[in-house]
Amino acid sequence: MWVKAIRVHELGGPEVLSWEEVEIGEPNEGEIRIKNKAIGVNYVDIYYRTGLHRAPLPFIPGKEAVGVVSAVGPGVTSFKVGDVVGYADNPMGSYAEEQIIPASVAIPIPPAIDYKTAASVLLKGMTAYVLVRQAFKVQRGHAVLVHAAAGGVGSLLCQWANALGATVIATVSTEEKAAQATQDGCQHVIVYTKEDFVTRVAEITSGEGVHVVYDAVGKDTFQGSLACLMPRGCMISYGQSSGSRPDPLRLSDLAPKSLILGRPGLMHYTTNRDELLQAAGEVFASVTAGVLQVRANHVYLLSEAARAHKDLEARRTSGSIVLVPDSQSS
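The notes below deal with the structure included here. (Residues numbered from 1 in each chain as written. Predicted model: local features only at pLDDT ≥ 70, side-chain atom pairs only at ≥ 80, totals over all residues. Heavy atoms only, no water.)

### Quick word on the overall build of the protein
Here's step 1: Looking only at helices and strands, one finds 8 helices and 15 strands in the protein.
Here's step 2: In summary, the protein has a C-alpha radius of gyration of 20 Å against a globular reference of 20 Å for 330 residues, a match within 12%.
Here's step 3: Here the C-alpha coordinates of the protein stretch approximately 60 × 40 × 40 Å along the principal axes.
Here's step 4: By the burial criterion, 54% of the 330 residues in the protein qualify as buried.
Here's step 5: When the accessible surface of the protein is split by element, carbon and sulfur atoms take 50% of a total near 14,100 Å².
Here's step 6: Each charge sign in the protein was given a centre, from 29 positive and 33 negative side chains, and these centres are 3 Å apart. (Helix = DSSP H or I, 4+ residues; strand = E, 2+ residues; numbered from the N terminus. Rg over C-alpha atoms; globule rule 2.2 N^0.38 Å. Buried < 20%, exposed > 50% of the residue type's maximum accessible area, 1.4 Å probe, protein only. Areas by Shrake-Rupley, 256 points an atom, 1.4 Å probe, with all protein chains shown as cover. Lys, Arg positive; Asp, Glu negative; His and termini not counted. Charge placed at Lys NZ, Arg CZ, Asp CG, Glu CD.)

### A few points about the pairing of strand 11 (residues 210–215)
Here's step 1: Within strand 11, 5 of the 6 residues are buried, which leaves it mostly tucked inside the rest of the structure.
Here's step 2: In this sheet, strand 11 lies alongside strand 8 (residues 143–146) in parallel orientation, the contact comprising 3 bridges. Paired with V144 across the bridge in strand 11 is V212.
Here's step 3: For strand 11 and strand 12 (residues 229–237), the ladder comprises 5 bridges, and the chain directions are parallel. (Pairing = 2+ DSSP bridges.)

### Digging into helix 6 (residues 219–228)
Here's step 1: Looking at helix 6, one finds that the buried residues are T221, F222, G224, S225, L226 and C228.
Here's step 2: Along its buried surface, helix 6 packs onto strand 8, helix 5 (197–204), strand 11, strand 12 and strand 13 (260–262). (Contact = heavy atoms within 4.5 Å.)

### Things to note about the nonpolar core
Here's step 1: Within the largest apolar cluster, 53 residues are counted, with the highest numbers of intra-cluster contacts made by M126, V138, V146, L157 and Y214.
Here's step 2: Examining the composition of this core, we find that 11 residues originate from one element, helix 2 (residues 115–135), more than from any other.
Here's step 3: By size, the runner-up hydrophobic cluster in this structure holds 32 residues, among which are I32, Y87, A306 and A308. (Core = buried A, V, L, I, M, F, W, Y, C linked by side-chain atoms within 4.5 Å.)

### Here's the deal with the environment of V72
Here's step 1: Within the fold, V72 resides in strand 4 (residues 64–72).
Here's step 2: Judged by its relative accessible area of 30%, V72 is partly exposed.
Here's step 3: Between the C-alpha atom of V72 and that of N28, which follows or precedes it by 44 residues, the distance is 8.3 Å.
Here's step 4: Once you skip the residues sitting within four places of it in the chain, V72 turns out to touch P27, E31, I32, F79, K80 and V81.

### Side note on the packing of helix 5 against helix 6
Here's step 1: Two elements in contact, helix 5 and helix 6, have axes whose closest approach is 9 Å; the angle formed by their N-to-C orientations is 15°. Regarding the angle of helix 5 to helix 6, the classification is roughly parallel. Our pair here, helix 5 against helix 6, has a crossing hand that is right-handed. In contact with F197, V198 and V201 of helix 5, helix 6 contributes T221, G224, S225, A227 and C228. (Axes fitted to C-alpha atoms, helices over the stretch in contact; angles between N-to-C directions. Parallel < 35°, antiparallel > 145°, perpendicular 65-115°, else oblique. Left-handed = near helix turned anticlockwise from the far one by under 90°.)

### Regarding the packing of aromatic side chains
Here's step 1: Counted according to the given criterion, the structure contains 2 aromatic pairs.
Here's step 2: Look at Y43 and Y47: their rings are 5.6 Å apart centre to centre, the planes differ by 50°, and that puts the pair in the tilted class. Highlighted residues: Y43 and Y47, both in helix 1 (residues 43–50), separated by 4 residues, approximately one helical turn.
Here's step 3: Look at Y129 and W160: their rings are 6.2 Å apart centre to centre, the planes differ by 40°, and that puts the pair in the tilted class. Of this pair, Y129 sits in helix 2 while W160 sits in helix 3 (residues 152–163), placing them 31 residues apart in sequence. (Phe/Tyr/Trp six-rings, centres within 6.5 Å; stacked < 30°, edge-to-face > 60°.)

### Let's talk about the environment of K37
Here's step 1: Inspection of the secondary structure assignment puts K37 in strand 3 (residues 31–41).
Here's step 2: For the pair K37 and E98, spaced 61 residues apart in the sequence, the C-alpha separation amounts to 9.0 Å.
Here's step 3: Contact partners of K37, with chain neighbours within four places excluded, come to V66, G67, V68, Y115, V324, P325 and Q328.

### Notes on helix 7 (residues 273–288)
Here's step 1: A rise of 1.5 Å per residue sets the reference length of helix 7, with its 16 residues, at 22 Å; its end C-alpha atoms lie 22 Å apart and thus fit the reference within 8%.
Here's step 2: Listed as buried for helix 7 are L276, A279, A280, V283, F284, S286 and V287. Along the axis of helix 7, the buried residues cluster in a sector spanning 165°; they form a single face. More than 90 degrees from the buried face of helix 7, the exposed residues found are D274 and T288.
Here's step 3: Along its buried surface, helix 7 packs onto strand 7 (107–108), helix 2 and helix 3.
Here's step 4: With a side-chain oxygen lying 3.1 Å from the backbone nitrogen of D274, the N-terminal cap of helix 7 falls on N272. (Expected span 1.5 Å × (residues − 1). Arc of directions from axis to C-beta. Polar contact = N/O pair within 3.5 Å; in protein donor to acceptor, adjacent residues only side chain to side chain.)

### Here we look at the sheet that holds strand 12
Here's step 1: Taken in spatial order, the 6 strands of this open sheet run 10-9-8-11-12-13, and their pairing is parallel. Looking along the sheet, the strands with just one partner apiece sit at the ends: strand 10 (188–191) and strand 13. The sheet shows a mean angle of 15° between the axes of neighbouring strands, taken without regard to direction.
Here's step 2: Alignment of strand 8 against strand 9 (residues 167–172), held across 4 bridges, turns out to be parallel. Considered in strand 9, the bridge of V146 is made with A170.
Here's step 3: Where helix 4 (residues 175–183) meets the sheet, its contacts fall on strand 9 and strand 10, and the angle it forms with strand 10 comes to roughly 165°.

Structural data, given as structure tokens:
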């Protein structure tokens, strides 16, 4: 069968996202085919499109989707046609009307959570779970600094850390995003285009610094983030939205304050199905309990993926971005 999808034949800007027909077969042993209803857009999609992360060309981008099972391969007993499922992180290929994935990565979506909400929170929410509950366990009384606080992961990070009793300091680029960060439970919001975040963090913490920094920006904030940490503080780097990786760091640079530096990835915290379902379950429970308010602020047609990428790179978005297959728009 043939479906419409976005494909990348060469690396580059948003213009390399090609809207075309692709052939999709039947699921093999242990696989299912899903008809996508909502597709999550994440900054990692841009990394693959530009070549910062590598994938064999041509490829269909996207690492998150929610849809309905349309076919089941041999040996699959855990799902049936009509089930609502989602997946996050791997495999790549969600920018398509339909796709085939291993049944082992499919996550049942609770009936109380709609397609767009699930596609907005699955990958970002599980990432936030790993960051605040695994890579560094945020506790009551901790001081936390979150960069890009109005972004998809940043927004969830702020809400979750606040719910855990931390004092959350956020950095954002505009006053509008500052208002959102305040709604997300941030006690202090720094508009970094107007003031130096290192100076402000020192003022806010009376010179003590923060216990942990969550930095998805990369080179532009990396050294400043380290400067914001208190002795024995932890720097969690989980992205490079500035487009550049941080400069090389000598281990001895961490010694003056006995700092810890981490670069966690979701895949290493969901290495088996039990861990995957545990992470997803924590996210869904937090959503249904009202701990996490999911902000699906931007919805585009799948054919408009290039425009979505442009807006994301230009920092014109906040919260989550979702693509909806064109066939569902009528």
